[in-house]
Amino acid sequence: MGWGLRVAAGALAAATLCAGAVLWGSVRLVAPGPLSESVTVVIPRGSGLEATAITLAEAGVIRSPLLFVFGAWVTVSQRDLKAGEYAFTANASIEDVLEQMRRGRTVIHRLTVPEGLTSAQIMALLDKETVLTGSVAGGRPKDGSLLPETYHFSRGDSREQLIERMQHAMTQVLADAWKDRNRELPYKSPEEALVMASIVEKETGVAAERARVAGVYVNRLQTGMRLQSDPTVIYAMTDGLSELGRVLTRADLKTDSPYNTYAIAGLPPGPIANPGRASILAALKPERHEFLYFVADGTGGHAFAKTLGDHNRNVARWRDTQRRQGGDASSAE
């Protein structure tokens, strides 16, 4: 065999071998992986392809780091793999893993912020989320600036980013509700409506009552009565940093604070909590009625009254219920 034929034969053999290797590798890429059950793996930011392959192999997601690297090059995804926290399913193939990382389908966490929390309480919730990073610039946001909602995030997202999302959501919800408000309300600005919404949020947890409670306070504003809202007194005493932990006393109602609506006329200077959408809508579209008073009725809701006499009778019934239940009676609005 001449030299040229030997070169050609060698090249053909090499090509055949290479094609065979590629075919073998391609088959291995789609073969079921070694995982017997789902596992969560964190790929740190800045990890190179080889480091990623080693991390996946150590977690049992793949058998061969070399084959993973080969697969990344074959599928031209070596530069597209995204860092993050991944939940890989049982028997996931290398192809499956590469596709999941190329699309960045990371584990999604969720945080539900209940209505009526103060910003200090929301910050405490964020501090407990260990997958979030960093602190919030400027410290505690203003009460009323964060919208209670369920928020989704990924490992490595910052607390600052989540706070900014809450603030943006609140700004948008308030702006939309303000545009569609009852134009006869005694609010000079969206901010005053937000203050009212925060009071409504803290006064009742019964969805059907929000608009009615808002109507009571609107009636009081329009008739020159003081709001006399217990939650504003609690806020005055705690600055929104904690729960009071006890029933209000008559002495508490004399607390010297611009937030104590037993002592000041009109609305307090700012929100006392972060109200949800429903309370914002209730404050801007309150129920029209003649009620000026309400008190707990012992069933989780409230009894409403138009006159002080009717209100006193409702208070007496409530206090009787409290005595029978062995509880304490706080002040009534």
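So, here is what we can say about the structure in this document. Keep in mind the model is a prediction, meaning the values are calculated, not measured. (Residues numbered from 1 in each chain as written. Predicted model: local features only at pLDDT ≥ 70, side-chain atom pairs only at ≥ 80, totals over all residues. Heavy atoms only, no water.)

### Details of the packing of aromatic side chains
- Going through the model one piece at a time under the given rule, you end up with five aromatic pairs.
- Here Tyr 235 and Tyr 259 contribute two aromatic rings whose centre-to-centre distance is 4.9 Å and whose plane-to-plane angle is 50 degrees, an arrangement assigned as tilted. Linking Tyr 235 in helix 9 (residues 230-238) with Tyr 259 in the loop between helix 9 and helix 10 (277-284), this pair joins segments that are 24 residues apart in sequence.
- Considering the side-chain rings of Phe 291 and Phe 304, the 5.7 Å spacing of their centres and the 45 degrees angle between planes classify their relative orientation as tilted. Within this pair, whereas Phe 291 is found in the loop between helix 10 and strand 5 (293-296), its partner Phe 304 is found in strand 6 (residues 302-305), the two being separated by 13 residues in sequence. Taken as a pair, Phe 291 and Phe 304 share a single burial class, namely buried.
- Members of the aromatic cluster, each reached through a chain of ring pairs, are Tyr 217, Phe 291, Phe 294 and Phe 304.
- We note Arg 181 situated over the ring of Trp 178; from NZ or CZ to the ring centre the distance is 3.8 Å.
- The ring of Phe 304 carries Arg 212 above its face, with NZ or CZ at 5.5 Å from the centroid. (Phe/Tyr/Trp six-rings, centres within 6.5 Å; stacked < 30°, edge-to-face > 60°. Helix = DSSP H or I, 4+ residues; strand = E, 2+ residues; numbered from the N terminus. Buried < 20%, exposed > 50% of the residue type's maximum accessible area, 1.4 Å probe, protein only. Lys NZ or Arg CZ within 6 Å of the ring centre and 35° of its normal.)

### Examining the environment of Ile 163
- Looking at where Ile 163 falls in the secondary structure, it is placed in helix 6 (residues 159-179).
- By relative accessible area, Ile 163 is classed as buried at 1%.
- For the pair Ile 163 and Val 136, spaced 27 residues apart in sequence, the C-alpha to C-alpha distance is 7.6 Å.
- Not counting residues up to four positions away in its chain, the partners in contact with Ile 163 are Met 123, Leu 126, Val 136, Pro 141 and Leu 146. (Contact = heavy atoms within 4.5 Å.)

### What to know about helix 8 (residues 210-223)
- If you check helix 8, its first and last C-alpha atoms are 20 Å apart, about what 14 residues at 1.5 Å a residue would give, namely 20 Å.
- On its buried face, helix 8 is in contact with helix 7 (190-203), helix 10, strand 5 and strand 6. (Expected span 1.5 Å × (residues − 1).)

### Focus: the nonpolar core
- Leu 162, Met 166, Tyr 187, Met 196, Ile 280 and Leu 284 are the most contacted members of the largest nonpolar core, which totals 47 residues.
- Secondary-structure elements contributing two or more residues to this core are helix 5 (119-128), strand 4 (150-153), helix 6, helix 7, helix 8 and helix 10.
- With nine residues, the top contributor of residues to this core is helix 6.
- When neighbours within four sequence positions are excluded, Leu 162 is seen to be in contact with Leu 111, Leu 126, Leu 132, Tyr 151 and Phe 153.
- Leu 67, Phe 68, Phe 88 and Ala 92 belong to the second-largest nonpolar core, a separate cluster that totals 21 residues. (Core = buried A, V, L, I, M, F, W, Y, C linked by side-chain atoms within 4.5 Å.)

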